[in-house]
Amino acid sequence: DAADSVLCALEAGKTGVYNIGSGKETSVKDAAQLILDVTKSKSNLIIKPRQKPAADLTFDISAAKADLGFEPKYTFPEGIEPQLEG
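Now for a description of the structure that goes with this document. All figures in this text were calculated on a predicted structure; none of them were measured in a lab. (Residues numbered from 1 in each chain as written. Predicted model: local features only at pLDDT ≥ 70, side-chain atom pairs only at ≥ 80, totals over all residues. Heavy atoms only, no water.)

A separate point is a nonpolar patch on the surface. Together, Val-6, Leu-7 and Leu-10 line one region of the surface with nonpolar side chains, adding up to about 310 Å² of accessible area. Mapped onto the secondary structure, Leu-10 falls in helix α1 (residues 2–12). (Patch = residues over 30% accessible without salt bridge, like charges linked within 9 Å, V, L, I, M, F, W, Y side chains within 5 Å. Areas by Shrake-Rupley, 256 points an atom, 1.4 Å probe, with all protein chains shown as cover. Salt bridge = Lys/Arg side-chain N within 4 Å of Asp/Glu carboxyl O. Helix = DSSP H or I, 4+ residues; strand = E, 2+ residues; numbered from the N terminus.)

As structure tokens, this is what we get:
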């Protein structure tokens, strides 16, 4: 998706800063655990107390959709396996 977004920007003749992602929320903890699961890692996920209050973030990709014609092809975690095969 990241590479496709660059191609979309080139084709649209646009420059600027755009959020690129699936537009779906995933916590850092869930993302880390899914990566460990997909890679069949024997590593342990170590969770330490946060220094700052937690904030869940979801990247707003509406500008990339409107300006660049970007549409995500992958969601997390389905996009991880192709990256590992790459």
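What follows concerns the environment of Lys-48. Take Lys-48: it is sitting in the loop between α2 (28–38) and α3 (62–68). Along the sequence, Lys-48 and Phe-76 sit 28 residues apart, while their C-alpha atoms lie 23 Å from each other.

Here the structure, examined in full by the defined rule, presents two salt bridges. Residues Asp-4 and Lys-73 are paired through a salt bridge, measuring 2.7 Å at the closest nitrogen-oxygen approach. Of this pair, Asp-4 sits in helix α1 while Lys-73 is found in the loop between α3 and α4 (80–85), placing the two residues 69 residues apart along the sequence. You can call Lys-73 exposed: its relative accessible area is 56%. Note that Lys-65 is salt-bridged to Glu-71, the shortest N-O span being 3.9 Å. Using a relative accessible area of 48% as the deciding quantity, one classes Glu-71 as partly exposed. (Buried < 20%, exposed > 50% of the residue type's maximum accessible area, 1.4 Å probe, protein only.)

Let's shift gears to the nonpolar core. By size, the foremost hydrophobic cluster in this structure holds six residues: Cys-8, Ala-9, Ile-61, Ala-64, Leu-68 and Phe-70. Listing elements by their share of this core, those giving two or more residues are α1 and α3. Non-local contacts of Phe-70, meaning those with residues more than four positions away in its chain, are made with Asp-1, Ser-5, Cys-8, Ile-20, Gly-21, Ile-61, Ala-64 and Lys-65. (Core = buried A, V, L, I, M, F, W, Y, C linked by side-chain atoms within 4.5 Å. Contact = heavy atoms within 4.5 Å.)

Such coordinate-based values are descriptive only and should not be taken to indicate function.
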